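Commentary on secondary and tertiary structure
So the chains spell out like this:
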Amino acid sequence: MFGFRPQPPDAEHLRREEESRRNLTAGGLPLPAVERLKRLAAQQGTPQHLFSSDLSVAELALVEDLGFVALGQVMGTSFYQLGMQWRTANWRDKDQGKAFGYEMEVLTAGWGNARRLALGRLQQEAELLGATGVVGVKLKEKAHVKESGAIEFSAHGTAIRERELPPLREGSPPRKLFLSTFSGQEFWVLRQAGFRPVGILVGNCVYFQVLSNDQWRVLMRLNAPNQELTEVSEAMYAARRLALNRLEEQAGKLGATGLVDVQVDAQLKVGQTGDETETYGAEYHFTLIGTGIADAPPPPRRAPLDIVLPLR
Amino acid sequence: MRTPYAPGARVGLPDSAVARLGENRGRPGRRLFTSDLSVNEFLLVRAAGFDPLGLVLGTSIYHIGFQFPRLFQNQELTVLTQAMSPARDLAMTRMEEEADLLGADGVVGVRLHVARRGVGASLAEFVAIGTAIRHREGKPFRAPDGRPFTSDLSGQDFWTLLRAGYRPVSLVMGNCVYHVALQGMAQAISQIGRNVELQNYTQALYDARELALTRMQAEAEAEQAEGIVGAEVRDDSHGWGSHTVEFFAIGTAIVPISEDHELPLPSLVLPLTG
């Protein structure tokens, strides 16, 4: 009527969108990503092959020195809506003023699933390229709670494989690969020390501690004398125990002998009024993210450990 | 001042902490360590002859009382000073006890976080996190009283310190919460438009710094240390307003392990980066 008319939906476009969504539901990748990566993988070993990477020049040189080639940038992302979990402390009258703590399983699982989905997609992208590893993985998380109750988690890095391995042929099974947060320099130093990365591991726990009436009164009374709120301190240890055990269980499954570069994030909310629900008590978000390592024979050329004085 | 240390004591470590450390050690077949050391630090700690054993944590959530200062007087707010000090001591002691449970010689890379929470910011959260390490050949590295050593030195600094013939004994601290007097009205009026030193501020900052540094030194002397490295004085109002400030001195007390303190001759390099 006014010169624009909505285009009738393209049946092919709709079919592709539907298939992408099915893939995502199964924890997989949307079609455009799969097709692009397959195209890139097919070009490996031919003159058309081109790699992109966010490695710096020095990192690229060091990774190549270890006998790897860069294959391309890979990423994984997931938007996730956290479920609702009631905090028992909202009915303080019923629990008769006793202290108890419990894990908020819905929130723990929500944060955990979002991270797993994103890292899983990163790994699938690398598998499509025939990679045996991903270095320099950077992790980003963001809570969009105010707008939609959603969190975002994304990861990106550079896929690499050993130079002597042939390009992955269409239809052959994916190679075993490692993810690591290490930069090119760290990867090189780690190999020198006789270790190799086996994977990025995440352990988390959201823990809620209902305070006893006694400690609650201390919390609410500004002029109470100096004293420790032992129940809150204990809640942190309980959260730490669950998160660290999860981290190490996964590390054990991957055959790691240790975890380095573990980032510890312990966030406490206490006695505050939440955005949606009123929080009466202490809530701990305990998150650990690190890279598992295992023994591996060091490369034949060993750099001596020396002291230098940079003239700058 | 730190509370005296009794080896093997479990003062204030909750059951879940003790259980958790047992779970780490008891995993069948292999010893798995978790560490917040970076790759380079991990390499240097190993090169210095140590193995990382695990992540250790000390925490204490403390309710800080209230003290109303005399507005026109420079004074230490002892209620506040005395709240911050034992809360830190508790967190550090718990971390040391965890290290002791793991059979460690000490803890490197200790990071100490302080945050204010809760209603009227009346809660202070103290968290100490570090990596427990043990000497591979079983050389003694604990403090004279059997306390595992603690230090906020990075893996790089730890390696260099040992090469230079010293070892860390203890993370020593001193603090002082001080109220800076408000200027009187008459004084303020008499000074309008003139260049003058605000002596009450200058004097207050000196007093508070001296108290914090003296307390840190007393801790180091109690550990029979020869010196303190990496000492720094932080000041923070922790939300108490502009006239109340905490001076917090922290450093690593060290003792010599050899007579000479010569480094191997460093190579001179000119980095071609940047």
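This text goes with the structure placed above it.
Read on for a plain summary of the structure. The structure displayed is predicted, hence computed values, not measured ones. (Residues numbered from 1 in each chain as written. Chains lettered and ligands numbered in written order. Predicted model: local features only at pLDDT ≥ 70, side-chain atom pairs only at ≥ 80, totals over all residues. Heavy atoms only, no water.)

A word on the overall build of chain A
For chain A, the helix and strand inventory stands at 8 helices and 10 strands. Projected onto its principal axes, the C-alpha coordinates of chain A cover approximately 80 × 75 × 40 Å. Burial analysis of chain A (312 residues in total) assigns 50% to the buried set. In chain A, 75% of the contacts between residues at least 6 apart in sequence involve partners at least 24 apart. As displayed, chain A has an accessible area near 16200 Å², and 55% of this comes from carbon and sulfur atoms. Put simply, chain A has 36 plus and 37 minus side-chain charges, and the middle of one group is 3 Å from the middle of the other. (Helix = DSSP H or I, 4+ residues; strand = E, 2+ residues; numbered from the N terminus. Buried < 20%, exposed > 50% of the residue type's maximum accessible area, 1.4 Å probe, protein only. Contact = heavy atoms within 4.5 Å. Areas by Shrake-Rupley, 256 points an atom, 1.4 Å probe, with all protein chains shown as cover. Lys, Arg positive; Asp, Glu negative; His and termini not counted. Charge placed at Lys NZ, Arg CZ, Asp CG, Glu CD.)

What to know about the sheet that holds strand 9 (residues 244-256) of chain B
Residues and elements named next belong to chain B. Read across the open sheet, the 4 strands follow the order 3-7-9-8; overall the sheet is antiparallel. The open sheet has two edge strands, strand 3 (75-76) and strand 8 (227-236), and neither has a second partner. Pairing of strand 8 with strand 9, which is carried by 8 bridges, proceeds in the antiparallel orientation. Residue pairing in the sheet places valine 229 in a bridge with threonine 252 of strand 9. Packed onto the sheet, helix 4 (residues 155-163) meets strand 7 (166-179) and strand 9 and runs at close to 120° relative to strand 7. Where helix 6 (residues 199-222) meets the sheet, its contacts fall on strand 3, strand 7, strand 8 and strand 9, and the angle it forms with strand 7 comes to roughly 150°. (Pairing = 2+ DSSP bridges. Axes fitted to C-alpha atoms, helices over the stretch in contact; angles between N-to-C directions.)

A word on the interface of chain B and chain A
Listed per partner, the contact involves 61 residues of chain B and 57 residues of chain A. Interface area, chain B with chain A, both sides summed: about 5100 Å², of which 63% is carbon and sulfur. One can count 3 salt bridges joining chain B with chain A. The partner of Glu228(A) in a salt bridge is Arg94(B), with the nearest N and O atoms 2.7 Å apart. In this structure, the connection of chain B to chain A is made through 27 residue pairs in polar contact (both at pLDDT 80 or more). Mapped by element, the contributors of at least two residues to the side of chain B that touches chain A are helix 1 (15-26), strand 1 (33-34), helix 2 (39-47), strand 2 (50-63), helix 3 (78-101), strand 5 (123-135) and strand 10 (267-269) of chain B. When residues of the side of chain B that touches chain A are assigned to their parent elements, the largest contribution, 8 residues, is made by strand 2 of chain B. Its residues assigned to classes, the side of chain B that touches chain A shows 33 nonpolar, 17 polar and 11 charged. Sheet analysis places strand 7 (residues 227-228) of chain A next to strand 2 of chain B, joined by 2 bridges and oriented antiparallel. Its bridge partner being in strand 2 of chain B, Glu228(A) is matched across the sheet by Tyr62(B). (Buried area = accessible area lost by both parts, 1.4 Å probe. Salt bridge = Lys/Arg side-chain N within 4 Å of Asp/Glu carboxyl O. Polar contact = N/O pair within 3.5 Å; in protein donor to acceptor, adjacent residues only side chain to side chain. Nonpolar A, V, L, I, M, F, W, Y, C, P; charged D, E, K, R; others polar.)

Looking at the side chain of Asn204(A)
Residues and elements named next belong to chain A. Mapped onto the elements, asparagine 204 comes out in strand 6 (residues 195-210). A distance of 3.2 Å separates a polar side-chain atom of asparagine 204 from the backbone oxygen of threonine 108. Once you skip the residues sitting within four places of it in the chain, asparagine 204 turns out to touch Glu103, Thr108, Trp111, Gly112, Arg115, Ala243, Arg246, Phe286 and Thr287.

Some points on the packing of aromatic side chains
Under the criterion given, the structure shown has 10 aromatic pairs over all chains. Residues Tyr102(A) and Phe208(A) carry aromatic rings whose centres are separated by 5.9 Å and whose planes lie at 50° to one another, so their mutual orientation is tilted. Placement of the pair is Tyr102(A) in strand 2 (residues 100-103) and Phe208(A) in strand 6, with a sequence separation of 106 residues. The pair formed by Tyr102(A) and Phe208(A) is uniform in burial state, with each residue classed as buried. Every member of this aromatic cluster is reached through a ring pair, and the members are Phe50(B), Phe141(B), Phe149(B) and Phe158(B). In this structure, Arg88(B) is placed above the aromatic ring of Phe248(B), and the distance from its NZ or CZ to the ring centre is 3.6 Å. (Phe/Tyr/Trp six-rings, centres within 6.5 Å; stacked < 30°, edge-to-face > 60°. Lys NZ or Arg CZ within 6 Å of the ring centre and 35° of its normal.)

Quick look at the side chain of Ser170(B)
Positionally, Ser170(B) belongs in strand 7. Setting aside anything within four residues of it in sequence, one finds Ser170(B) in contact with Thr150(B), Glu223(B), Gly251(B), Thr252(B) and Ala253(B).

Some words on the nonpolar core
If you look at the biggest cluster of nonpolar residues, it comprises 58 residues, and the most contacted ones within it are Val232(A), Tyr284(A), Phe286(A) and Leu288(A). Those residues in contact with Tyr284(A), other than ones at most four positions away along the chain, are Cys205(A), Val206(A), Tyr207(A), Val232(A), Ala235(A), Met236(A), Ala239(A), Gln267(A), Leu268(A), Thr59(B), Ile61(B) and Glu125(B). Ile307(A), Val39(B), Ala48(B) and Phe149(B) belong to the second largest nonpolar core, which has 32 residues in total. (Core = buried A, V, L, I, M, F, W, Y, C linked by side-chain atoms within 4.5 Å.)

Examining the sheet that holds strand 2 of chain B
The sheet built from 5 strands is open, its strands ordered 7(A)-2(B)-5(B)-4(B)-6(B) with mixed pairing. Either end of the sheet is taken by a strand with one partner, and the two such strands are strand 7 of chain A together with strand 6 (149-150) of chain B. Relative to strand 6 of chain B, strand 4 (residues 106-117) of chain B runs parallel, the two being bridged by 2 bridges. By the bridge assignment, Val107(B) is partnered in strand 6 of chain B with Thr150(B).

Quick look at unusual backbone geometry
With the exception of glycine, the majority of residues adopt a negative phi angle, and the majority of peptide bonds are in the trans configuration. Positive phi is not limited to glycine here, since Asp261(A) has a value of about 60°. Its place among the elements puts Asp261(A) in strand 8 (residues 258-270). Classification of Asp261(A) by relative accessible area gives buried; the value is 15%. Unusually for a residue other than glycine, Gln224(B) sits at a positive phi of about 55°. Here Gln224(B) is to be found in the loop between helix 6 and strand 8. We classify Gln224(B) as exposed; its relative accessible area is 57%.

Topic: the pattern of salt bridges
Considering all chains together, one arrives at 22 salt bridges over all chains under this definition. Between Arg246(A) and Glu103(A) there is a salt bridge, and its shortest N-O distance comes to 2.8 Å. In this pair, Arg246(A) is assigned in helix 8 (residues 230-253) and Glu103(A) in strand 2, connecting sequence segments 143 residues apart. A residue is classified by how much of its surface remains accessible, and Glu103(A), at 14% relative accessible area, is buried. We note a salt bridge from Arg240(A) to Glu98(B), for which the minimum N-O separation is 2.7 Å. Taken together, the residues Arg240(A) in helix 8 and Glu98(B) in helix 3 connect one chain to another.

Here we look at the packing of helix 1 (residues 11-25) of chain A against helix 2 (residues 31-43) of chain A
Relative placement of two packed helices is described by the angle separating their axes and the distance separating the axes. All names here are of chain A. Contact geometry of helix 1 with helix 2 gives a least axis separation of 8 Å together with a crossing angle of 90°. Considering their axes alone, helix 1 and helix 2 lie roughly perpendicular with respect to each other. Residues Arg16, Glu19, Ser20 and Asn23 of helix 1 form the contact with helix 2, whose own contacting residues are Leu31, Pro32 and Glu35. A class-by-class count of the residues in the contact of helix 1 with helix 2 yields 2 nonpolar, 2 polar and 3 charged. (Parallel < 35°, antiparallel > 145°, perpendicular 65-115°, else oblique.)

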